[in-house]
Amino acid sequence: MADEEKLPIPPTFLEKLLFYTTATFVLLATFSLFAFLFLVPFVIEPAFTTIFMQFDPVAALCVTTQVKHLLGVSNCSWASCREGCTKDLFECTQIRVNYKLGYAPNISATEYEALIRAERSLRNYDYENYESPLEKNYPEMEEQELPEPIPTGLQGNDSEWYFTGARLFPNVKGCGYPPILNCTIFYGKYKPIGNNYSCYYSRVDPGLVITELDMWQNTLNLVYAMAIPIPSFFISVIYLTFAYFKIYNQEEESEQAPLQSDAEAMATGDDGKPTTPGSDTFREDLACFGHQLKMQLANEKPKEGFESNSPAISNSASLSGTKSSFVNA
């Protein structure tokens, strides 16, 4: 075939390696970014909150004292357990507990009691001319029977409980997803009134109590959630930036070099000066082109004139002339 199609040049091994490497880093950067955005609300933020709340690693003794089942968004400001951390609450179960601090294995009972007193920071002061409101008589209220209020909050040194009316959660967020968290099992274990179990309270907010605490696993999850996606994303971005400005830029320059040299040769003359309509080089090239065109036309014109002006010679005349010349000879 005269016009054969040019076969595509197969890529070299280095070109294939460069292509697959770039594609790998593009996918790595994309997945790392989305993985980090997914881990922020589900792993990173709860892990930081668990650390900042400063839960006591020594378990306390909790007893369920109050359970409420409420309906409506306005009534459900919090729930002891919910499956799903983003949905709105229209139905909730709230569990409140009383807890007392447990005993640490390395200190005596007297030292631990002193520790509890120091941690509560309750001091007894004597005030002069102070009349307790309990000593006053209110005749107008004697006939009314008021329900006894349930004490909540930190208790005094003479109380059996360290804190009463604390909110109970499975973790610091109070939410999760199966199979890690199953609210049906959680309520079945901690909902019955009077149940005793171990719990962990927050030193920052003593009214917050959780049932499970593993600081080592919490720190490990935080390290994994940050140490894998973040470096992977930055390494991918660094490579892609380097490849764009160095590797691919050099390839484009090498491909455009022959075209650029031809363009420079056409744009400049023998003396290296740029060719413009007003330059000497441009006029010389134009005159040379005109001279070559005239010579070509001159060579073609006489040939055409000779062929048109020469008389036609018949075959009979040519034969008679040949015959007479042969007889005379």
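Keep in mind the model is a prediction, meaning the values are calculated, not measured.

(A) The arrangement of the nonpolar core in detail. Counting residues in hydrophobic clusters, the biggest one holds 20 residues, and the most contacted among them are Cys62, Ile95, Val97, Tyr99, Leu168, Phe186 and Val209. Residues in contact with phenylalanine 186, not counting those within four places in the same chain, are Ser80, Cys81, Ile95, Leu168, Phe169, Pro170, Lys191 and Thr211. Residues Phe55, Val172, Tyr200 and Leu213 belong to the second largest nonpolar core, which totals nine residues.

(B) Expanded view of the packing of aromatic side chains. Tallying each qualifying case throughout the model produces 15 aromatic pairs. Taking the centre distance of 5.7 Å and the plane angle of 65° together, the rings of phenylalanine 186 and tyrosine 187 count as edge-to-face. For the pair phenylalanine 186 and tyrosine 187, a shared accessibility class is recorded, and that class is buried. Each ring, one from tyrosine 244 and one from phenylalanine 245, has its centre 5.0 Å from the other, and the planes form 90°; the classification is edge-to-face. Of the two residues examined, tyrosine 244 and phenylalanine 245, each falls in the exposed class. In textbook terms, an aromatic cluster arises when at least three aromatic residues are bridged by ring pairs, as seen for Tyr99, Tyr162, Phe163 and Tyr201. The lysine or arginine in question, lysine 100, covers the ring of tryptophan 161, its NZ or CZ lying 4.8 Å from the ring centre.

(C) Fine view of unusual backbone geometry. Residue proline 179 follows proline 178 across a cis peptide bond; omega there is 0°. Within the secondary structure, proline 179 is located in the loop between β6 (175-176) and α3 (183-190). At glutamine 54, a residue that is not glycine, the phi angle is positive and equals roughly 55°.

(D) Layout of the confidence of the model for the protein chain. Within the protein chain, residue pLDDT values average 75, and 60% of them lie at 70 or more. Averaged over each element, pLDDT in the protein chain is lowest for helix α7 (residues 315-328) (45) and highest for strand β8 (residues 208-210) (95). Considering only residues more than four positions removed or in separate chains, one finds that residues 118-130, a stretch of pLDDT under 50, has 13 contacts. Taken together, the stretch residues 313-319 has pLDDT below 50 and engages in zero contacts with residues farther than four places along the chain or on a different chain.

(E) Spotlight on the environment of serine 236. Mapped onto the elements of the fold, serine 236 is located in helix α5 (residues 229-267). Here serine 236 falls in the buried class, since its relative accessible area comes to 0%. As for serine 236 and phenylalanine 25, which are separated by 211 residues in sequence, their C-alpha atoms are 5.1 Å apart. Excluding residues that lie within four positions of it along the chain, serine 236 makes contacts with Phe25, Leu28 and Ala29.

(F) Here's a closer look at the environment of phenylalanine 163. In this fold, phenylalanine 163 is placed in strand β5 (residues 163-169). By relative accessible area, which is 10% here, phenylalanine 163 ends up buried. Sequence separation between phenylalanine 163 and lysine 100 is 63 residues; the distance between their C-alpha atoms is 6.9 Å.

Reading guide: rules and limits
- Numbering of residues starts from 1 in each chain and follows the order in which that chain's sequence is written.
- Predicted model: local features are reported for residues with pLDDT of at least 70 only, side-chain atom pairs are reported and counted for 80 or more only, and whole-chain, interface and lining totals are derived from all residues.
- Side-chain metrics in this entry use all non-hydrogen atoms of the structure; hydrogen atoms and water are not considered.
- By nonpolar core we mean a set of buried residues, namely Ala, Val, Leu, Ile, Met, Phe, Trp, Tyr and Cys, connected to one another through side-chain atoms within 4.5 Å.
- Classification of residues uses two cut-offs on accessible area relative to the type maximum, computed with a 1.4 Å probe and protein chains only: under 20% is buried, over 50% is exposed, and between them is partly exposed.
- Contacts were defined at the residue level, with two residues in contact if any of their heavy atoms lie within 4.5 Å.
- Ring pairs shown here join Phe, Tyr and Trp side chains whose ring centres sit within 6.5 Å, with only the six-membered ring taken for Trp; geometry is labelled stacked below 30 degrees between planes, edge-to-face above 60, and tilted in between.
- Criterion for a charge above a ring: Arg CZ or Lys NZ at most 6 Å from the ring centre, at most 35 degrees from the ring normal.
- To qualify as a helix, a DSSP run of H or I must reach at least 4 residues; to qualify as a strand, a run of E must reach at least 2; elements of each kind are numbered from the N terminus.
- Looking at any residue, its pLDDT shows the predictor's confidence there, from 0 to 100.

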